[in-house]
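# Structural overview
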Amino acid sequence: MNQQERPQRDESDRLLAVYLRDHFAGSTAGLALVRRCRRNNAGNELGEVLTGVENDIDEDRRALQEIMARLGVTPSTLKSAVGSIAELVGRLKSNGRLFRYSPSSAVVELEGLAAGILTKRNLWRSLRAASPAHATLSTADLDALEERATAQLDRVLAAHERAAARAFGSLEPQPPASEPPT
């Protein structure tokens, strides 16, 4: 690498480290969110779905931590703490009930979870794009992580449809607008 390329590489590495730390902090918040939602729905269909999603998110968080370690990036304790605090603040949303879990709580929580999973899927795609510059990144592993995120997103969106139907008065969820009714 010549002297002109070195500063660009250093800057790229610094930006990647910031990006990974931000995503790790987001994974802390996402794991806390899915755990809370699962606990609030223990014993029902949503709780069962969320148990599997929680396990996947925990595995994905460990995979991210391993990737970071291979790249020499350590998680930021401060950013992870901020992610945890953000998840706690998210509990303050209005759900029509002051102290109890509401059917609309599940809808809002699943929307937040879906947003986090979509963001995580984009992380895996971004790392795949960065892989030519980082030999420790396996495109096959990143492809598998992206596929798992897509499967998680599909499960969470299906659960969201059912939760919205229950919360807002329809006994049966309606098919998404993009699919013709059967």
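Reading the values: the criteria
- Residues numbered from 1 in each chain as written.
- Predicted model: local features only at pLDDT ≥ 70, side-chain atom pairs only at ≥ 80, totals over all residues.
- Heavy atoms only, no water.
- Helix = DSSP H or I, 4+ residues; strand = E, 2+ residues; numbered from the N terminus.
- Buried < 20%, exposed > 50% of the residue type's maximum accessible area, 1.4 Å probe, protein only.
- Contact = heavy atoms within 4.5 Å.
- Polar contact = N/O pair within 3.5 Å; in protein donor to acceptor, adjacent residues only side chain to side chain.
- Axes fitted to C-alpha atoms, helices over the stretch in contact; angles between N-to-C directions.
- Parallel < 35°, antiparallel > 145°, perpendicular 65-115°, else oblique.
- Left-handed = near helix turned anticlockwise from the far one by under 90°.
- Nonpolar A, V, L, I, M, F, W, Y, C, P; charged D, E, K, R; others polar.
- 1 Å grid on protein atoms, 1.4 Å probe; cavity = no way out; pocket = protein on both sides within 12 Å on 5 of 7 lines; lining within 4 Å.
- Points joined across faces, edges and corners; volume = space filled by probe spheres on them.
- Expected span 1.5 Å × (residues − 1).

## Describing the overall build of the protein chain
- A count of helical and extended segments in the protein chain gives five helices and zero strands.
- Reading the protein chain from its N end, one meets helices and strands in the order α-α-α-α-α.
- Taking all 182 residues of the protein chain together, the buried fraction comes to 36%.
- Sequence-distant contacts, at least 24 apart, represent 74% of the contacts inside the protein chain between residues at least 6 apart.

## With respect to the side chain of Asn41
- Assignment of secondary structure puts Asn41 in the loop between helix H1 (5-40) and helix H2 (45-70).
- Owing to a relative accessible area of 6%, Asn41 belongs among the buried residues under this scheme.
- Only 2.8 Å separates the side chain of Asn41 from the backbone oxygen of Cys37, close enough to count as a polar contact.

## Some points on the packing of H2 against helix H5 (residues 139-167)
- Contact geometry for H2 and H5: axes closest at 10 Å, N-to-C directions at 150°. By the angle between their axes, H2 is roughly antiparallel relative to H5. Crossing handedness for the pair H2 and H5: left-handed. Here Glu45, Leu46, Val49, Gly52, Val53, Asp56, Ile57, Glu59, Asp60, Ala63 and Ile67 of H2 lie close against H5, whose contacting residues are Leu142, Leu145, Arg148, Gln152, Arg155, Val156, Ala159, Arg162 and Arg166.
- Residue composition of the contact of H2 with H5, grouped by class: 10 nonpolar, two polar and eight charged.

## Some remarks on the packing of helix H4 (residues 103-130) against H5
- Where H4 contacts H5, the axes come no closer than 9 Å and their chain directions differ by 165°. Taken together, H4 and H5 sit at an angle that is classed as roughly antiparallel. For the pair H4 and H5, the sense of crossing is left-handed.
- Here the residues of the contact of H4 with H5 are counted per class, giving 20 nonpolar, five polar and seven charged.

## Structural notes on the layout of surface pockets
- Estimates place the volume of the largest pocket at around 320 Å³.
- Lining the largest pocket are 19 residues, and of these Gly26, Ser27, Gly30, Gly116 and Ile117 lie nearest its centre.
- Listing elements by their share of the lining of the largest pocket, those giving two or more residues are H1, H2 and H4.
- Looking at the lining of the largest pocket element by element, the count peaks at eight residues for H4.

## Some details on H5
- A rise of 1.5 Å per residue sets the reference length of H5, with its 29 residues, at 42 Å; its end C-alpha atoms lie 41 Å apart and thus fit the reference within 8%.
- Gly169 sits one or two positions beyond H5 and adopts a positive phi of about 105°.

## What to know about H2
- Here H2 contains 26 residues, and its C-alpha end-to-end distance of 38 Å stays within 8% of the 38 Å for a straight helix at 1.5 Å per residue.
- With a side-chain oxygen lying 2.9 Å from the backbone nitrogen of Leu46, the N-terminal cap of H2 falls on Asn44.
- Just past H2, the residue Gly72 takes up positive phi, approximately 75°.

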